[in-house]
Amino acid sequence: MAKKMALLIGVSEYGAGIPPLLSALNDVQAMERVLQNPNLGNFAQVERLLNPDSVAMRIGIQKLFKNAGKEDLLLFYFSGHGITNDDNHLYLATRNTAKDNFEATAVDANFIQTQSKSCYSKRQVLILDACYSGAFANGWHTKSIGVDIKKQLGAEGRVVLTSSGATQTSFAQEGATLSLYTQYLVEGIETGAADTDNDGNIHVQELHTYAKSKVQAVKPNMTPDIILDKEGYNILLAYAPKNPEAEYRKLVEQYAKNGELKRIAIEVLKAKRKTLVITDAKAEEIETEVLEPFRRRLINLQSYKQYFAEEVEQQYPLDEHTLKILKDYQQDVLGLRDEDVESMELEITSVKEAEYQKQLQIQKQQEEEALQLQQQAKELSQLRLQQEAERLQRQREAEAAEQLRLQQEAERLQRQREAEAEKNKSGYQLKTFQFETAQINKNGTGIKRIAKSAEYFPQDLGNGAFLEMVHISGGTFIMGSPESEEGYRKSQSPQHQVTVPPFFMGKYPVTQKQWQAVAALEKVKIDLESDPSNFKGDNLPVERVSWNHAQEFCARLSQKTSKTYRLPSEAEWEYACRGGTTTPFYFGETISTDLANYDGSYYTYEQGQKGEYRGKTTDVGIFPANPFGLYDMCGNVWEWCEDEWHENYINAPIDGSALTSLSSSCSALRGGSWVNYPKFCRSASRYNTWAERDSSSNDFGFRVVCAVGRTL
């Protein structure tokens, strides 16, 4: 009759140079508990070896594999230190293993492989919760056994589960009784959470997948692995408990996302508690256990952010020594990958980097001024010597004094010209205007208004119409949307860094009054209808204009003003829209119909609130501006950009220019409109469902840009 046999080895004490592992013996006890449980593992024979020496460990391993029959299911489990030599060959440390003699006193992985391959059993599961356990795969080969399989024991084969990769440390948990990997192996069996197909059975593949997902939720850079021989994936290891608590846990696993339960999910779960007859205390305990890996990861991220911020505050740029310590803390202590911390590092260092560059500029300027003062002092000394030497030559002294006066006057005029040039470096006489921007809290219930100012120049269009062109300072930003952002589409990725030169952008979308003034100008290429809009009003944005119409508008305006007016590139548009922010909207994590004109009657964004649906365009400028002083960048009308449509940002320009080399008949629209849901009004949102260049709609408009210092 087929038997289920297990050997559980835990080593917590070692020789010189190897630190103890407090969790190893607890790991064995926990595995024994679930394997011996007749309703779970139902193993008939479970033997433990606690802190064995190398001889006892080899005998125990040999006995396990030697005494097994063909139909038996064997499980070998080891919790302790794994050590690799220079050839990346794995050894399992024993009680008498020391750092300097591990190859002689530890158990060679080849010994285990040899015993396993010579064993008659067709179902073998080896679990290694040890550092560098992924190195066990070296030298592993399949072995065919052509005998019928008993259906209730699952498919035949040999499978190895490892807690880490071939070059990784397997994490012990501070303050926890079990190691990270074993904790979730036990939890997956004991709670039934690993039974992902709900068939009442837990196969090795299911258990590994569950434990791996939980481990990586806490320590993303850990890579638990599975090594297969034939159909080892399907070996039946344990039975899933059938009880209300297990069913409730599966619901929590299903509803949980990134360590959180949405409010609607909580309401559903409260109802399920009553249906399943589970107390609130027990339900909350289950929810805490399910969400714990994600919350621990968030704690790790917050811990890294705190230490990184402290180091940056003390010293910037960070030196190599500090970077090495931070990297070790990130990877070896917290188990975080580089991509997990990249955005927070950028967020923390962006301000410091700007201050650092400014300080370098000031330092350079001070050095230049000091050199100039030194030169002036030298010249003055020479002048005094010359005056003393030529004391009797009054005429020559007068001539020298006059020459010096003229030189000083020339320098004064030069400084005056430089100051005027700096003031008007854009080539335009700029004016300053005051405006209000706003910030909204995450749940959309609080709006804070902030007073700011910006510079602009007015462009007279004739007939009492003016364009107000706001100065946008150049800069560098991250363009595109992270995959985690609600409303993300592949066309908004990959995120990439773009450096945008300074330019001017219209304070508002082009209005119907401005359109009519320019439409009356001399034709350049195509005719323009003076009143194309569906909704009528001088201060309403012009709509039902195509990309070709917008190009003709820019051409006529450029011809009239002798300045270069054009549509913005997508990079310029998104840079100007974000206004230095990195949140989905320039107002914050969500949006409100008190801040923009969009359809807020049905869908919300993240934790935001529902609002009104106005069903039409609204006058420009009635909502708060973004941090750069630009109005209606979210909602009201979609805005045409210069770029040809491209499906993603692969090979996109990084200098702020438009992508115009694809020979596409479509162009991109940005910003969302009065008819759209909030996710379409994000700073990263792009639209091209049917945006042919000659197409128009009652929610298609545009705004113009003008290059700094450029004239025709």
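Predicted model, so just to flag it, every value in this text is computed and none were measured. (Residues numbered from 1 in each chain as written. Predicted model: local features only at pLDDT ≥ 70, side-chain atom pairs only at ≥ 80, totals over all residues. Heavy atoms only, no water.)

S.K.: Residues and numbers for the overall build of the protein, please.
M.R.: Within the protein one finds 15 helices and 23 strands. Counting all 712 residues of the protein, 49% fall into the buried class. For the protein, restricting intrachain contacts to residue pairs at least 6 apart in sequence, the fraction spanning at least 24 positions comes to 74%. Approximately 34900 Å² of the protein is accessible, and the part contributed by carbon and sulfur atoms is 48%. (Helix = DSSP H or I, 4+ residues; strand = E, 2+ residues; numbered from the N terminus. Buried < 20%, exposed > 50% of the residue type's maximum accessible area, 1.4 Å probe, protein only. Contact = heavy atoms within 4.5 Å. Areas by Shrake-Rupley, 256 points an atom, 1.4 Å probe, with all protein chains shown as cover.)

S.K.: Talk me through the side chain of Thr618; I want residue IDs and the actual numbers.
M.R.: Mapped onto the fold, Thr618 is located in the loop between helix H15 (570-578) and strand E19 (638-644). In terms of polar contacts, Thr618 uses its side chain to reach the side chain of Asn597, at 3.5 Å. Contact partners of Thr618, with chain neighbours within four places excluded, come to Leu540, Pro541, Asn597, Phe623 and Asn636. (Polar contact = N/O pair within 3.5 Å; in protein donor to acceptor, adjacent residues only side chain to side chain.)

S.K.: Describe the pattern of salt bridges, with residues and values.
M.R.: Evaluation of the coordinates by the stated rule reveals 21 salt bridges. In this structure, the salt-bridge partner of Arg556 is Glu552, at a minimum N-O distance of 2.8 Å. You can see Arg556 and its partner Glu552 sitting in helix H14 (residues 547-561), four residues apart, about one turn around the helix. Each member of the pair, Arg556 together with Glu552, is buried. Arg686 is paired through a salt bridge with Glu570; the nearest N and O atoms lie 2.9 Å apart. Note that Arg686 is positioned in strand E21 (residues 686-687) and Glu570 in helix H15, a separation of 116 residues in sequence. The exposure class assigned to Glu570 is buried, which follows from its relative accessible area of 1%. (Salt bridge = Lys/Arg side-chain N within 4 Å of Asp/Glu carboxyl O.)

S.K.: Can you lay out helix H1 (residues 24-36) for me, pointing to particular residues and giving the numbers?
M.R.: Here H1 spans 18 Å end to end across 13 residues, near enough to the 18 Å set by a 1.5 Å rise per residue. For H1, every residue scored as buried is listed here: Ala24, Asp27, Val28, Ala30, Met31, Glu32, Val34 and Leu35. Where H1 is buried, its residues contact strand E1 (4-10), strand E2 (45-50), strand E3 (73-79), strand E7 (123-129) and helix H5 (180-190). (Expected span 1.5 Å × (residues − 1).)

S.K.: Can you tell me about the packing of aromatic side chains, naming the residues and giving the values?
M.R.: With the rule as written, the count across this model stands at 20 aromatic pairs. Ring centres 5.0 Å apart and planes at 80° place the aromatic pair Phe457 and Phe504 in the edge-to-face group. Of this pair, Phe457 sits in strand E13 (residues 447-462) while Phe504 is found in strand E17 (residues 503-506), placing the two residues 47 residues apart along the sequence. You can call Phe504 buried: its relative accessible area is 0%. Of the aromatic side chains, those joined through ring pairs into one cluster are Trp638, Trp640, Tyr687 and Phe700. In this arrangement the basic side chain of Arg693 is found over the ring face of Trp547, its NZ or CZ atom lying 4.1 Å from the centre. (Phe/Tyr/Trp six-rings, centres within 6.5 Å; stacked < 30°, edge-to-face > 60°. Lys NZ or Arg CZ within 6 Å of the ring centre and 35° of its normal.)

S.K.: A description of a nonpolar patch on the surface should follow, citing residues and the corresponding values.
M.R.: A contiguous nonpolar patch, built from Tyr602, Tyr603 and Tyr677 and spanning about 330 Å² of accessible area, is present on the exposed surface. For Tyr602, the position within the fold is in the loop between H15 and E19. (Patch = residues over 30% accessible without salt bridge, like charges linked within 9 Å, V, L, I, M, F, W, Y side chains within 5 Å.)

S.K.: Tell me what's going on with unusual backbone geometry, and back it up with residues and numbers.
M.R.: Cis geometry marks the peptide bond from Tyr316 to Pro317; its omega dihedral reads 0°. As for its placement among the helices and strands, Pro317 is situated in the loop between helix H9 (280-314) and helix H10 (320-333). Ser493 connects to Pro494 through a cis peptide bond whose omega is 0°. The residue Pro494 is located in the loop between strand E15 (475-479) and strand E16 (496-500) in this model. Positive phi outside glycine occurs at Asn463, with the angle close to 55°. By secondary structure assignment, the location of Asn463 is in the loop between E13 and strand E14 (465-472). Positive phi is not limited to glycine here, since Glu606 has a value of about 50°.

S.K.: Pulling in residues and values, what's your account of the environment of Glu455?
M.R.: By the element assignment, Glu455 lies in strand E13. Spatially, the C-alpha atoms of Glu455 and Ile472 are 8.6 Å apart, while their sequence positions differ by 17 residues. With residues up to four places along the chain from it excluded, the contact list for Glu455 reads Leu430, Lys431, Thr432, Phe433, Met469, Val470 and His471.

S.K.: So what about the pairing of E13? Which residues, and what values?
M.R.: As paired elements, strand E12 (residues 431-440) and E13 share ten bridges and run antiparallel to each other. Residue pairing in the sheet places Ala438 in a bridge with Arg449 of E13. Counting the residues that bridge the hairpin from E13 to E14 gives two residues, and of these Asn463 lies at a positive phi of roughly 55°. (Pairing = 2+ DSSP bridges.)

S.K.: Tell me about the nonpolar core, residues and numbers included.
M.R.: Counting residues in each nonpolar core, the largest one holds 39 residues, and the members touching the most others are Leu8, Leu35, Phe43, Leu75, Val125, Ile127 and Val204. Elements supplying a minimum of two residues to this core: E1, H1, E3, E7, strand E8 (157-162), H5, helix H6 (204-218) and strand E11 (236-239). For Leu35, the residues in contact, after removing those within four places along its chain, are Ala6, Leu8, Gly41, Asn42, Phe43, Val46 and Leu75. Counting residues in hydrophobic clusters, the runner-up holds 37 residues, among them Phe433, Ile472, Tyr575 and Phe585. (Core = buried A, V, L, I, M, F, W, Y, C linked by side-chain atoms within 4.5 Å.)

It is worth stressing that arrangement in space is one thing and function is another; only the former is reported here.
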